[in-house]
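# Results of the structural survey
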Amino acid sequence: RLLPETAYDDVLWDVVLAYIYLVQIRGIDPANILLLGISSGGGLVTRLLQSLAEVHRNKGEMHDASIQTLIEQAMNRCSSSSSSSSSVLMPRGGVLICP
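Residues numbered from 1 in each chain as written. Predicted model: local features only at pLDDT ≥ 70, side-chain atom pairs only at ≥ 80, totals over all residues. Heavy atoms only, no water.

This part takes up the overall build of the chain. If you tally the helices and strands in the chain, you get three helices and two strands. The helix and strand sequence of the chain, counted from the amino end, reads α-β-α-α-β. The proportion of buried residues among the 99 residues of the chain is 36%. (Helix = DSSP H or I, 4+ residues; strand = E, 2+ residues; numbered from the N terminus. Buried < 20%, exposed > 50% of the residue type's maximum accessible area, 1.4 Å probe, protein only.)

This is the structure in structure tokens:
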């Protein structure tokens, strides 16, 4: 799904689910993941990084409950298919590009 044709929450759901899939299902070490966002993708990368940081810092007590719900649903969905840990760590970083 692409912005702006699709609702922001739907696209953010795809980004959250893809990251959690890489970490929990594929077993990729978050230290080996670098996120890249170009234009509106930069906003998605920023929101994903903010959301993951809030989950870790506040232990699930995020200001934006809808994003917390997205992360929890994605973690539950992915962890039900895998025996991996249910925690999701921060990636190495993010690169944001504005054309």
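Right, let's talk about the confidence of the model for the chain for a bit. Any region with low pLDDT has predicted coordinates that should not be read closely. Residues at a pLDDT of 70 or more form 72% of the chain, whose mean pLDDT is 79. Contacts from residues 82-86, a stretch scored under 50 in pLDDT, to residues over four places away or in other chains number six contacts. (pLDDT = per-residue confidence, 0-100. Contact = heavy atoms within 4.5 Å.)

A surface patch of nonpolar side chains, about 450 Å² in accessible area, is lined by Leu34, Leu36, Ile38, Val95 and Ile97. Only β1 (34-38) and β2 (93-97) provide two or more residues apiece to the nonpolar patch. For the nonpolar patch, the element with the most residues is β1, which contributes three residues. Within the secondary structure, Ile38 is located in strand β1. (Patch = residues over 30% accessible without salt bridge, like charges linked within 9 Å, V, L, I, M, F, W, Y side chains within 5 Å. Areas by Shrake-Rupley, 256 points an atom, 1.4 Å probe, with all protein chains shown as cover. Salt bridge = Lys/Arg side-chain N within 4 Å of Asp/Glu carboxyl O.)

Right, let's talk about the side chain of Arg47 for a bit. Among the structural elements, Arg47 can be located in helix α2 (residues 40-58). Side chain to side chain, Arg47 and Gln50 meet in a polar contact 3.3 Å long. (Polar contact = N/O pair within 3.5 Å; in protein donor to acceptor, adjacent residues only side chain to side chain.)

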